Number of protein chains: 2
Amino acid sequence: MADTRRSGAETRERILAVAREHFARQGFDRTTIRAIASEAQIDPSMVMRYFGSKEELFTAAAAIDLALPDLTEIPRDEVGRTLVTHFVRMWDSDGTLMALLRRAASDPAAAEQMRSIFAAQVARAVAPVSPDPSQAPRRAALAASQLLGIALGRYVLVLPPIVDMDIDEIVAWVAPTIDRYLTAESAQPDQDPGRVGSS
Amino acid sequence: MADTRRSGAETRERILAVAREHFARQGFDRTTIRAIASEAQIDPSMVMRYFGSKEELFTAAAAIDLALPDLTEIPRDEVGRTLVTHFVRMWDSDGTLMALLRRAASDPAAAEQMRSIFAAQVARAVAPVSPDPSQAPRRAALAASQLLGIALGRYVLVLPPIVDMDIDEIVAWVAPTIDRYLTAESAQPDQDPGRVGSS
DNA sequence: TCAGTTGGCCAACACTTGTTGACCAAGCGA
DNA sequence: TCGCTTGGTCAACAAGTGTTGGCCAACTGA
């Protein structure tokens, strides 16, 4: 048959690809090694041999690099737009992050993984543009909450109004929010006569 | 022993209470009928007799009334504050909504349930304060995305900066966002010199 | 040629899960 | 007193899970 005796590293990659897709679509618990193996046209035991356990397979599949741009090289008033665009594009093209988010909903270990991604990548990338270093993590977390909220509504809950919006509309609405969280002087700029962002 | 032969409706309620707590903390898949029964000091088969199946038990446990206030009776510039406060209080006191959110992450049926709650309660409550009826669902969805993002960060991912904020701080930061989504004239008010909300 | 490595499959184990059906006993109305 | 409803337990079934170990066959290098 098509017993082409694939190259090992090759099958490993194929397993990983299928696993990412399954984890992204169904979450950790509802994804079975058997299903992954079946779709990768391979025996379940091979998955174990390559990755050791389902846990380790997930960890390998969920290695995430947000590839966030250097925000200091971007005009202040385009930070929000840049970030929103970046994330929506990322979600649309690669399900890995969504897989992790889904799992985090029911698995503390995955939540911990998200926390470390937040701390190591989001908070770090965002800190330089914060007006007050002590508040930087808080600002980053607020921005993350809005971005993740969009991801939740668009890809997990599939709320029609959010799904129907194209990227530009989402950016137009959400970017100002991100800008305010990251760079506004106080918490409630919209309630004072003063302007937001660059004075 | 303590075979007090409870009143039936009473045990039913106790099962429901335990179930809500388990679903909220661990999600649907990781919650077992056996664990619920055990904690309710009852036989697993009783759960089936009362609720038919695990699915139906969840449905019964996840019947949610957001108890949203009538926004038309509230000053325009306090809508955001009111909503944020309402939701955070609700999440803090009752895990039912979080249970549903958790399950929605991996179960399309639960996601559908969230959509119907959104449509029947959130979108409906929020529509009257929208300046343009055709955009009302979109505005409601954006507000929901931010609110759910906070829930995600605070209760599911347990992002430290969000957990550390007290209700007042969260309200101070997020309320303006909600206000803008619901009532701002255009999508990007922060980028124009004009003011937001009540002119 | 021949031994070792490598990619792969098969069958089974051990366990957990939701679910079912038989049986029991306390209370209650006639 | 008898029979029916009701709250309850127990033991098992059937299915699905991650995981393991044994075996096979192709390739590779000496």
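It should be noted that the structure appears before, not after, this text.
Residues numbered from 1 in each chain as written. Chains lettered and ligands numbered in written order. Predicted model: local features only at pLDDT ≥ 70, side-chain atom pairs only at ≥ 80, totals over all residues. Heavy atoms only, no water.

K.L.:
Is there a simple way to think about the relation of the copies chain B and chain A in this case?
P.N.:
Taken together, a rotation about one axis and a shift along it account for how the two chain copies relate. Under the fitted operation, chain B is carried onto chain A by 0.0 Å of movement along the axis and a turn of 180°, and the coordinates agree to an RMSD of 0.1 Å. Viewed as a symmetry operation, the transformation between the two copies matches a two-fold axis. Of the C-alpha atoms belonging to chain B, the one lying closest to the rotation axis is found on B:Gly149, 1.9 Å away. The overlap is high: 98% of the interface residues of chain B also sit at the interface in chain A, so the same surface is used on both sides. (Least-squares fit on C-alpha atoms with pLDDT ≥ 70 in both. Contact = heavy atoms within 4.5 Å.)

K.L.:
Can you help me understand the packing of aromatic side chains in this one?
P.N.:
Each aromatic ring pair is described using two quantities: the centre-to-centre distance and the angle formed by the ring planes. Scanning all chains against the criterion turns up 12 aromatic pairs over all chains. Between A:Trp173 and B:Tyr181, the ring centres sit 6.1 Å apart and the planes meet at 70°, which makes this aromatic pair edge-to-face. In this pair, A:Trp173 is assigned in helix H10 (residues 167–183) and B:Tyr181 in helix H10 (residues 167–183), connecting two distinct chains. A:Trp173 sits in the buried class, given a relative accessible area of 7%. When its relative accessible area of 0% is taken as the criterion, B:Tyr181 is described as buried. The ring of B:Phe28 has B:Lys54 sitting right over it, with the charged end atom 4.3 Å from the ring centre. (Phe/Tyr/Trp six-rings, centres within 6.5 Å; stacked < 30°, edge-to-face > 60°. Helix = DSSP H or I, 4+ residues; strand = E, 2+ residues; numbered from the N terminus. Buried < 20%, exposed > 50% of the residue type's maximum accessible area, 1.4 Å probe, protein only. Lys NZ or Arg CZ within 6 Å of the ring centre and 35° of its normal.)

K.L.:
What is the right way to look at the interface of chain B and chain A in this model?
P.N.:
Size of an interface: often given as the accessible area lost when the parts come together. The interface of chain B with chain A comprises 55 residues on the first partner and 55 residues on the second. With both sides pooled, the region where chain B packs onto chain A buries about 4,900 Å², and carbon together with sulfur makes up 59% of that total. Taking the shortest distance from any N to any O, the salt bridge between B:Asp29 and A:Arg30 comes out at 2.6 Å. Counting across the interface, chain B meets chain A through 18 residue pairs in polar contact (both at pLDDT 80 or more). For the side of chain B that touches chain A, the elements supplying multiple residues, two or more each, are helix H6 (96–104), helix H7 (108–126), helix H8 (136–156), helix H9 (160–164) and H10 of chain B. When residues of the side of chain B that touches chain A are assigned to their parent elements, the largest contribution, 12 residues, is made by H8(B). Of the residues contributing to the side of chain B that touches chain A, the split by class is 30 nonpolar, nine polar and 16 charged. (Buried area = accessible area lost by both parts, 1.4 Å probe. Salt bridge = Lys/Arg side-chain N within 4 Å of Asp/Glu carboxyl O. Polar contact = N/O pair within 3.5 Å; in protein donor to acceptor, adjacent residues only side chain to side chain. Nonpolar A, V, L, I, M, F, W, Y, C, P; charged D, E, K, R; others polar.)

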